[in-house]
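# A look at the structure
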Amino acid sequence: RRDAERQVKLLMAALRAVRVGGVVVYATCSISPAENDAVVRKVLMRCATDGEVEVCEDAGLGAAGTLDKDLPEVATREQVCAWMASRCEMTPCGGRIALPDRCDGFGPLFWCRLLKIKPIVEQRS
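Let me sum up the structure you'll find in this document.

What counts as what
Residues numbered from 1 in each chain as written. Predicted model: local features only at pLDDT ≥ 70, side-chain atom pairs only at ≥ 80, totals over all residues. Heavy atoms only, no water. Helix = DSSP H or I, 4+ residues; strand = E, 2+ residues; numbered from the N terminus. Buried < 20%, exposed > 50% of the residue type's maximum accessible area, 1.4 Å probe, protein only. Contact = heavy atoms within 4.5 Å. Areas by Shrake-Rupley, 256 points an atom, 1.4 Å probe, with all protein chains shown as cover. Core = buried A, V, L, I, M, F, W, Y, C linked by side-chain atoms within 4.5 Å. Pairing = 2+ DSSP bridges. Disulfide = S-S within 2.5 Å. Polar contact = N/O pair within 3.5 Å; in protein donor to acceptor, adjacent residues only side chain to side chain.

### Considerations on the overall build of the protein
Of the regular secondary structure elements, the protein holds three helices and five strands. Of the regular secondary structure in the protein, the N- to C-terminal order runs α-β-α-β-α-β-β-β. For the protein, with 125 residues in total, the buried portion stands at 37%. Within the protein, contacts between residues at least 6 apart in sequence are counted, and of these 59% link residues at least 24 apart. On the protein, roughly 7300 Å² of surface is accessible, and the fraction owed to carbon and sulfur atoms is 54%.

Take a look at the structure:
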């Protein structure tokens, strides 16, 4: 619980610091919804009242398709994105999670990209 409260504060500080039009990536190595989706939801409740922040739908994976084979030893950014896209799952808040059983032992990794639309006027909750 203390970690999640600290993570909300850190994410809010990052969103206040980034310029309008900038993207903040919130990431953890946790599978706990309390440290992942719940943190994003709390931040959105605090600062998205007037549309100041929104979740980026593409999760930074671009328009990458899926790969039919394993990831090569030396891979391009596009190959890595395609590999991740084919193995990660979308979470309820619009983030993504990569779990070791689906990603050849890689993970856990949760991430959510947040786009700052306009200056934040934080709503306390």
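So much for the structure itself; the text now carries on.
### Some thoughts on the environment of Cys 88
Its location among the elements puts Cys 88 in the loop between helix 3 (77-87) and strand 3 (89-90). Put simply, Cys 88 and Arg 102 are 14 residues apart on the chain and 7.3 Å apart in space, counted from C-alpha to C-alpha.

### A word on the nonpolar core
Leu 11, Leu 15, Val 40 and Leu 114 are the most contacted members of the largest nonpolar core, which totals 20 residues. For this core, the elements supplying multiple residues, two or more each, are helix 1 (2-17), strand 1 (23-28), helix 2 (37-47), strand 2 (53-55) and strand 5 (109-116). Examining the composition of this core, we find that five residues originate from one element, helix 1, more than from any other. Not counting residues up to four positions away in its chain, the partners in contact with Leu 15 are Val 24, Val 43, Cys 47, Val 53, Leu 114, Lys 116 and Ile 120.

### Focus on the pairing of strand 1
Residue alternation in strand 1 divides its side chains into a buried set, Val 24, Tyr 26 and Thr 28, and an unburied set, Val 23, Val 25 and Ala 27. Examined bridge by bridge, strand 1 and strand 5 share six bridges and lie antiparallel to one another. What sits directly across from Tyr 26, in strand 5, is Cys 112.

### A short note on the state of the cysteines
Think of a disulfide as a covalent bridge from one cysteine sulfur atom to another cysteine sulfur atom. Going through the model one piece at a time under the given rule, you end up with zero disulfides. Between Cys 56, a cysteine without a disulfide, and Cys 112, which holds the nearest cysteine sulfur, the sulfur-to-sulfur distance is 7.8 Å.

### Looking at the side chain of Asn 36
The residue Asn 36 is located in the loop between strand 1 and helix 2 in this model. The exposure class assigned to Asn 36 is buried, which follows from its relative accessible area of 3%. Among the polar contacts listed, one links the side chain of Asn 36 to the backbone oxygen of Ser 30, at a separation of 2.8 Å. When sequence neighbours within four positions are dropped, the list of residues in contact with Asn 36 reads Tyr 26, Thr 28, Ser 30, Ile 31, Ile 97 and Phe 110.

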